[in-house]
There are 2 protein chains.
Amino acid sequence: MINIAILGFGTIGSGVAEVIERNSSEIKNVLGDYLHVKYILDIRDIPGAVNDINIIVNDPDIKIICETMGGKEPAYTYTHLALERGISVCSSNKELVDAYGVELSIIAREHNCSYLFEASVGGGIPIIRPLRESCGHEKITKIAGILNGTCNYILTNMRAGKTFDEALKEAQDNGFAERNPAADIEGHDTARKIAILASLVSGQKFSYEQVNCTGITEVTLQDIIDAENENSTIKLLGVYDSEGPYLTVAPYIIPQTCPLYSVNSVFNGIMIHGTIVDDLMFYGRGAGKLPTASAVVSDVIECAKTLGQNINNNFADLKPAEVKPTEPPESKFRYLE
Amino acid sequence: MINIAILGFGTIGSGVAEVIERNSSEIKNVLGDYLHVKYILDIRDIPGAVNDINIIVNDPDIKIICETMGGKEPAYTYTHLALERGISVCSSNKELVDAYGVELSIIAREHNCSYLFEASVGGGIPIIRPLRESCGHEKITKIAGILNGTCNYILTNMRAGKTFDEALKEAQDNGFAERNPAADIEGHDTARKIAILASLVSGQKFSYEQVNCTGITEVTLQDIIDAENENSTIKLLGVYDSEGPYLTVAPYIIPQTCPLYSVNSVFNGIMIHGTIVDDLMFYGRGAGKLPTASAVVSDVIECAKTLGQNINNNFADLKPAEVKPTEPPESKFRYLE
């Protein structure tokens, strides 16, 4: 039995516990052992939970921690503490990966453990591991991704004739948008995710602040109708272009012939262009309790298979990137080349 | 430098050599070493090629072989010989994987080497490794895949108003269909691929002969027009349903709302349903020299990273599956549930 701890018992953290329980026999099959949640840490008063990280990192039984707290602190301090003691950390926290991913990956490598973050981009979609394990030998020249389920839900519902405000309210009522939706609809969430993906494929660390970022707040129902009349639709994309390099988040016109056209509602789709493999797309639920938890569990299993070793997502080797300013679009919307 | 051999210097085999040369620095980055093609084996008289497998398997420099010959013999004998000597084999040969994949995987495990076959399904699409590494803890209840580029090219061109015969001839003229297209258009190629995928996710070995198989030869231009008028189209799918289990290859009606609807021309798309992660789709070029070679190279790199170890795609543990007869469709075409 392999003991783990979950830091932050919110939506994703409780999902991790649920996946480990529901799929225990599948996990045993693939890992050769069971996973057991020995500790839950939460700042709220949850029965059975601890609130002192030292209890967890001082327990020699614990070799793997799931960090599903979100935000920079105390996630950064806790992750740092764990990795320094050789405890691998599996994170869904894109903000932390963007801000401190390089530093934390170096600490993991120095202490023969791993800092993995499959769940930080694309929810349940396997994307970071396939980029590393299946596409590491490719020259990736472009990434174009629908990376935010909230925006995609809003834009999909606008295709049914709703205004932006109506579609946003419906997303909030259905739990697909926060009460303060700024991070989603202004594109910052997408910017963090495309910066992480660009870093993984380029050998350079791109940060969220380097992304030329426009959200969807200016997209009108008439814009959507106009696009549909041209057999196209509008999607918020995060785009990385190695020729520059450029990093852009903006609403794009997507023609019906592009596979991203059919990525609707809360689903995400990530297109990758490699000079050998040509176009790939990875599609699935980009958010949600169980799909995101499934990605965290895939990282836990990989850490459990490689205890005492470092798996390097290449973040430990990245140097800060220089990006070129993205040129302004010639019209209100951008087009995929 | 890691020395490899390529068996069969046709389209895919020569593609492997090209990928290794063109992307040598990316391979060095990800592997920490260069790959070098020390031997090419081909039955044809190619300058520099050898035609005796013993030269290769007797060379202690060779730890990895790419089997890109296709067909059962001599691929089976050569693969067997190599694995028995602890030489890993990376194969694009779906016929061999379907017929002897279990036996060859057991031999690989016994000799601390690997039998990998990412390129046998979906061409350049990372599918077998993500199923193993990212979805091994999922209960996969359904797979529905557009797995044959030739059929998809024909059906896509029929949407432009061509008859089946016209579209087939165009596919042949453009090199997307063989002169004898039976294996593609009668569905046998798709059947082999869905049998391999079903085996990977189910813990049971399904064989090609167990697939209820209908091709696309009876699909008429009028059928396509009728489907389009219902905002749908017709695609040849390989379908695995764990409730049965059932294995079916047949033309399906695909509505515009399904991501498979936008998988056109020679592209493939593979939808996976897991009880935790929900729907995933993997999309890319399902055939072609360089994309398929890229998948072979991804296997070579994995073998090179794990010399002396066995990577088990789970095939070594599979028991023969029993399948239920697929019920006949209520109309000419099937529908995805």
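About the criteria used
- Within any chain, residue numbers begin from 1 and follow the written order of that chain's sequence.
- Labels are handed out in written order, letters beginning with A for the chains and numbers beginning with 1 for the ligands.
- Owing to the predicted nature of the model, reporting of local features is limited to residues with pLDDT of at least 70; listing and counting of side-chain atom pairs is limited to 80 or more, with chain, interface and lining totals taken over all residues.
- Side-chain measures were taken over the full set of non-hydrogen atoms in the model, leaving aside hydrogen atoms and water.
- Every residue pair with non-hydrogen atoms within 4.5 Å of one another is taken to be in contact.
- Buried area counts how much accessible surface, traced with a 1.4 Å probe, disappears from two parts once they are put together, with both parts' losses summed.
- Any Lys or Arg side-chain nitrogen located within 4 Å of an Asp or Glu carboxyl oxygen qualifies as a salt bridge.
- We define a polar contact as two N or O atoms separated by no more than 3.5 Å, with the added condition that, inside protein, one atom must be a possible hydrogen donor and the other a possible acceptor, whereas residues neighbouring each other in sequence contribute only through side-chain atom pairs.
- Labels follow the DSSP assignment, with helices taken as runs of H or I lasting at least four residues and strands as runs of E lasting at least two, numbered in each case from the N terminus.
- Here the copies are matched by least squares. The fit uses the C-alpha atoms of residues with pLDDT of at least 70 in both.
- At least two DSSP bridges between two strands are required for those strands to pair.
- Orientation is described by axes fitted as lines to C-alpha atoms, over the contacting stretch for helices, and by angles from 0 to 180 degrees between their N-to-C directions.
- On a scale of 0 to 100, pLDDT captures the predictor's confidence in every residue.
- The labels follow the angle: roughly parallel below 35 degrees, roughly antiparallel above 145, roughly perpendicular from 65 to 115, and oblique for the rest.
- Crossings are classed by handedness, with left-handed meaning an anticlockwise turn of the near helix from the far one by less than a right angle and right-handed meaning a clockwise turn.
- Each residue is assigned to one class: nonpolar for Ala, Val, Leu, Ile, Met, Phe, Trp, Tyr, Cys and Pro, charged for Asp, Glu, Lys and Arg, and polar for all the others, Gly among them.
- Using a 1.4 Å probe on the protein chains alone, a residue whose accessible area is under 20% of its type maximum counts as buried, one over 50% counts as exposed, and one in between counts as partly exposed.
- For this analysis, a nonpolar core means a set of buried residues of the types Ala, Val, Leu, Ile, Met, Phe, Trp, Tyr and Cys, connected via side-chain atoms within 4.5 Å.
- Directions pointing from the helix axis toward each C-beta atom define the arc.
- Disulfides are defined as pairs of cysteine sulfur atoms found within 2.5 Å of each other.

Some thoughts on the interface of chain B and chain A
Stage number 1. Taken together, the 42 residues of chain B in the interface contact 42 residues of chain A.
Stage number 2. Roughly 3,700 Å² is buried in total at the junction of chain B and chain A, and carbon and sulfur atoms are behind 57% of that figure.
Stage number 3. Among the residues chain B hides against chain A, the three largest losses belong to B:H137, B:I276 and B:Y283. Together they make up 20% of the total.
Stage number 4. Inspection of the chain B/chain A interface yields four salt bridges.
Stage number 5. Note that A:D278 is salt-bridged to B:R285, the shortest N-O span being 2.9 Å.
Stage number 6. On inspection of chain B and its partner chain A, the count reaches 13 residue pairs in polar contact (both at pLDDT 80 or more).
Stage number 7. Mapped onto the side of chain B that touches chain A, the elements with two or more residues apiece are α1 (11–22), α2 (24–31), α6 (128–133), β11 (267–274), β12 (278–285) and α12 (289–305) of chain B.
Stage number 8. Among the elements that make up the side of chain B that touches chain A, the one with the highest residue count is β12(B) (eight residues).

A word on the relation of the copies chain B and chain A
Stage number 1. Take chain B, turn it by 180 degrees, move it 0.0 Å along the axis, and it overlays chain A with an RMSD of 0.0 Å. Here the copies are linked by what is in effect a two-fold axis. Proximity to the rotation axis, assessed at the C-alpha, singles out B:F282 in chain B; its C-alpha lies 2.5 Å from the axis.
Stage number 2. A shared binding surface is used by both copies, with 100% of the interface residues of chain B retained as interface residues in chain A.

Thoughts on the sheet that holds strand β4 (residues 88–91) of chain A
Residue and element names in this part refer to chain A.
Stage number 1. Strand order across the open sheet formed by five strands is β2-β1-β3-β4-β5, with parallel pairing between neighbours. The sheet is open, and its two borders are formed by β2 (35–41) and β5 (115–116), each paired with just one other strand.
Stage number 2. Sheet topology note: the strand β1 (residues 2–7)/strand β3 (residues 62–67) ladder contains five bridges and is parallel. Within β3, the position partnered with L7 by the bridge is E67.
Stage number 3. Relative to the sheet, helix α1 (residues 11–22) contacts β1, β2 and β3, its axis offset from that of β1 by approximately 155 degrees.

Overview of the confidence of the model for chain A
Should the pLDDT be low somewhere, the predicted coordinates at that spot are not to be read in detail.
Stage number 1. Across chain A, the average pLDDT comes to 96, with 100% of residues at or above 70.
Stage number 2. Both scores are given for the predicted complex: the pTM is 0.97, the ipTM 0.97.

Looking at the packing of helix α7 (residues 149–158) of chain A against helix α8 (residues 164–173) of chain A
Helix-helix packing is described using two parameters, namely the angle between the two axes and the distance between the axes.
All names here are of chain A.
Stage number 1. Contact geometry for α7 and α8: axes closest at 9 Å, N-to-C directions at 130 degrees. Taken together, the axes of α7 and α8 are oblique relative to one another. The chirality of how α7 crosses α8 is right-handed. Contact residues: Y153, I154, N157 and M158 in α7; F164, A167, L168, E170 and A171 in α8.
Stage number 2. Of the residues assigned to the contact of α7 with α8, the class counts are seven nonpolar, one polar and one charged.

Details of the environment of B:T68
Residue and element names in this part refer to chain B.
Stage number 1. By the element assignment, T68 lies in the loop between β3 (62–67) and α4 (75–84).
Stage number 2. Since its relative accessible area comes to 9%, T68 is described here as buried.
Stage number 3. Sequence separation of T68 and L280 is 212 residues, and the distance between their C-alpha atoms is 29 Å.
Stage number 4. In this structure T68 touches I6, L7, G8, I12, G13, V16, S92 and V296, once residues within four positions along its chain are discounted.
Stage number 5. At 2.8 Å, the side chain of T68 and the backbone oxygen of G8 are in polar contact.

Side note on the sheet that holds strand β5 (residues 115–116) of chain B
Residue and element names in this part refer to chain B.
Stage number 1. Taking strand neighbours across the sheet as the criterion, the five strands line up as β2-β1-β3-β4-β5 in an open arrangement whose pairing is parallel. A single partner strand is all that each edge strand has here, and the edge strands are β2 (35–41) and β5.
Stage number 2. Both β3 and strand β4 (residues 88–91) contribute to a ladder of four bridges, which runs parallel. Within the sheet, the bridge partner assigned to I65 lies in β4 and is V89.
Stage number 3. Sheet strands touched by α4: β1 (2–7), β2, β3, β4 and β5. Its angle to β4, the strand with the most contacts, is close to 150 degrees.

Description of the pattern of salt bridges
Stage number 1. All told, the structure shown has 41 salt bridges over all chains when counted by the stated rule.
Stage number 2. Two residues, A:R132 and A:E133, come together in a salt bridge whose shortest N-O distance is 2.7 Å. Taken individually, A:R132 and A:E133 each receive the classification buried, so the pair is uniform in this respect.
Stage number 3. Connected through shared salt-bridge partners, A:E118, A:R129, A:R132, A:E133, A:D299, A:E302 and B:K305 make up one network.

Overview of the nonpolar core
Stage number 1. In terms of nonpolar packing, the biggest core is built from 152 residues, with A:I65, A:I127 and B:I127 touching the most fellow members.
Stage number 2. The residues touching A:I65, leaving out its near neighbours within four places in the chain, are A:A5, A:L7, A:I56, A:V57, A:A82, A:I87, A:S88, A:V89 and A:C90.
Stage number 3. Counting residues in each nonpolar core, the second largest holds 30 residues, with A:M271, B:Y252, B:L260 and B:Y261 among its members.

Regarding unusual backbone geometry
Stage number 1. The residue after B:E73, namely B:P74, is reached through a cis peptide bond having omega 5 degrees.
Stage number 2. With respect to the helices and strands, B:P74 occurs in the loop between β3 and α4.
Stage number 3. Across the junction of B:G244 and B:P245, the peptide omega takes the value -10 degrees, indicating a cis bond.
Stage number 4. Looking at where B:P245 falls in the secondary structure, it is placed in the loop between β9 (232–241) and β10 (246–255).
Stage number 5. Backbone geometry at A:S265 places phi at a positive 55 degrees, although glycine is not the residue there.

A word on helix α8 (residues 164–173) of chain B
Residues three or four positions apart in an α-helix share a direction because the helix packs 3.6 residues into each turn.
Residue and element names in this part refer to chain B.
Stage number 1. Looking at α8, one finds that the buried residues are F164, A167, L168, A171 and Q172. Summarising the axial view, the buried residues of α8 lie within an arc of 140 degrees, below the 170-degree limit, and thus occupy one face.
Stage number 2. Looking at the buried side of α8, the elements it contacts are α7 (149–158) and α9 (182–185).
Stage number 3. After α8 finishes, the residue G175 shows a positive phi value of roughly 80 degrees.

Considerations on the state of the cysteines
Where two cysteines share a covalent bond between their sulfur atoms, that bond is called a disulfide.
Stage number 1. Applying the stated criterion to the full structure yields zero disulfides over all chains.
Stage number 2. Left without a disulfide partner, A:C151 is nearest to the cysteine sulfur of A:C213, which lies 9.4 Å away.
Stage number 3. The exposure class of A:C151 is buried, given its relative accessible area of 1%.
Stage number 4. Looking at B:C135, it has no disulfide partner, and the nearest cysteine sulfur is the one in A:C135, 15 Å off.

With respect to the pairing of β10(B)
All names here are of chain B.
Stage number 1. Most of β10 is tucked away: eight of the ten residues are buried.
Stage number 2. Note: β9 against β10, ten bridges, orientation antiparallel. By the bridge assignment for β10, D241 is matched with Y246.
Stage number 3. Summarising the sheet, β10 and strand β14 (residues 334–335) pair through two bridges and their orientation is parallel. From the neighbouring strand, I253 faces β14, where its bridge partner is Y335.

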